[in-house]
Amino acid sequence: MKQLTVTRIAIKDTQSTYEQEQVLNALPKQSIEEVPWKTYPYKPTVQFAAGYNDTHLFLKYFVTEKVIRAVNSVVNSPVWQDSCVEFFIGFDEAGYYNFEFNCVGTALAGYGPSKTKRNLLPEPIVRQIVTRAFIARQPNSKGIQWELTICIPLTTFIHHPSLTLLGLQCRGNFYKCGDLLPEPHFVTWSAIEAATPNFHLPAYFGHLHFK
């Protein structure tokens, strides 16, 4: 089972995604490269970096894939159908949060104990998440490169008021998917064992340590 130490970082302006990008760019990157389902063998190149401060959790994804899809533009719409990156985190046994973003930064967020027992977070709460997207096709590139910087206020974790990350040990996973792309794919950071694609399996979450 994977383990990740999430480091505390200095961010002066939590509304400045440019500053967040520069800080996250300097952090060690983790690869999302597990392909648990043989019927979906396509594996884009995906990495992420993670950090936090007293008030926010910061993520940045770095993706290269053959084609992209960005149809959903409404909060809590089915972004998993697009070129999508996801982050799931659970602080206890009661449930876990799922944060999902397409390549232009449209967000979906929910909470619950399982895939079938989930509630979407209220739209005003999800809109507090700040994203910054960058998409480019480089000359002679084999695909499209895109990056997504994500700033999640700790107040977004509405089922865990007064959440403090410093010193916290919890569980989570990171994903890349694209259900309606020409080559649907389901790639994970911490490996999953299941008959069909399913990211909502907390038993396979990795360990996250906030230091």
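Refer to the structure printed above.
Every chain begins its residue count from 1, and numbering advances along the sequence as written. With pLDDT at 70 or above as the cut-off, local features in this predicted model cover only qualifying residues; side-chain atom pairs require 80 or more to be listed or tallied, and sums for whole chains, interfaces and linings still use all residues. Excluding hydrogens and water, the side-chain figures rest on all heavy atoms present in the structure.

> Please provide a residue-by-residue account of the overall build of the protein, values included.
Within the protein one finds two helices and 13 strands. Its C-alpha radius of gyration of 16 Å places the protein within 12% of the 17 Å reference for a compact globule of 211 residues. The dimensions of the protein, computed from C-alpha atoms along their principal axes, are 45 × 40 × 30 Å. Relative accessible area decides the class of each residue, using a 1.4 Å probe on protein chains only: under 20% of the type maximum gives buried, over 50% gives exposed, and in between gives partly exposed. Looking at the protein residue by residue over its 211 residues, the buried ones come to 52%. Sequence-distant contacts in the protein: of pairs separated by 6 or more residues, those separated by 24 or more amount to 62%. Carbon and sulfur atoms make up 52% of the accessible area of the protein, which totals about 10000 Å². Computed over 19 positive and 17 negative side-chain charges, the inter-centroid distance for the protein is 4 Å. Strands here mean DSSP runs of E at least two residues long; helices mean DSSP runs of H or I at least four residues long; both are numbered from the N terminus. Values of the radius of gyration come from C-alpha atoms, whereas the globule rule sets the reference at 2.2 Å times the count of residues to the power 0.38. A contact between two residues is defined here by any heavy atoms of the two lying within 4.5 Å. Only the protein chains shown count as cover for residues, and the accessible areas themselves come from Shrake-Rupley with a 1.4 Å probe. Positive charges come from Lys and Arg, negative ones from Asp and Glu, while His and the chain ends are left out of the count. A charge is said to be at NZ when it belongs to Lys, at CZ for Arg, at CG for Asp and at CD for Glu.

> Tell me what's going on with the pattern of salt bridges, and back it up with residues and numbers.
A carboxyl oxygen of Asp or Glu within 4 Å of a side-chain nitrogen of Lys or Arg is what we treat as a salt bridge. Summed over the entire model, instances satisfying the criterion amount to seven salt bridges. Ionic pairing is found between D54 and R8, a salt bridge with its closest N-O pair at 2.7 Å. In this pair, D54 is assigned in the loop between β3 (45-52) and β4 (56-65) and R8 in strand β1 (residues 3-8), connecting sequence segments 46 residues apart. Its relative accessible area of 55% is what places D54 among the exposed residues. Measuring nitrogen to oxygen at the nearest pair gives 3.2 Å for the salt bridge that ties K176 to E65. Residue K176 is found in strand β11 (residues 169-177), and its partner E65 is found in strand β4; the two are separated by 111 residues along the sequence. By the burial criterion, K176 is buried, and E65 matches it.

> Can you tell me about helix α1 (residues 17-25), naming the residues and giving the values?
Three or more residues of α1 are buried, namely T17, E19, Q20, E21 and L24. Close packing links the buried residues of α1 with β3, β4, β9 (130-136) and β10 (144-153).

> Can you lay out unusual backbone geometry for me, pointing to particular residues and giving the numbers?
Phi angles above zero are rare outside glycine, and N76 is one such case at about 65°. Take N76: it is sitting in the loop between β4 and β5 (84-90). A positive phi angle is found at S162, which is not glycine, with a value near 60°. Among the structural elements, S162 can be located in the loop between β10 and β11.

> How would you summarise the packing of aromatic side chains if you had to cite specific residues and measurements?
Only centres within 6.5 Å qualify two rings of Phe, Tyr or Trp (six-membered ring in Trp) as a pair; their planes then separate them into stacked at under 30 degrees, edge-to-face at over 60, and tilted for everything else. Going through the model one piece at a time under the given rule, you end up with 22 aromatic pairs. Centre to centre, the rings of F48 and F174 are 3.9 Å apart; their planes meet at 15°, and the pair counts as stacked. One end of the pair, F48, is in strand β3; the other, F174, is in strand β11, and 126 residues separate them in sequence. On the numbers, 5.8 Å between centres and 25° between planes, the contact of F88 with Y96 is stacked. Each of the two residues, F88 as well as Y96, counts as buried. Among the aromatic residues, ring-to-ring pairing joins F48, Y61, F87, F91, Y97, F99, Y111, F157, F174 and W189 into one connected group. Across from the ring centre of F62, 4.8 Å away, lies the NZ or CZ of K29, which sits over that ring. Note on geometry: a ring has a charge over it if NZ (lysine) or CZ (arginine) is within 6 Å of the ring centre and within 35 degrees of the ring normal. The ring of Y96 carries R118 above its face, with NZ or CZ at 4.1 Å from the centroid.

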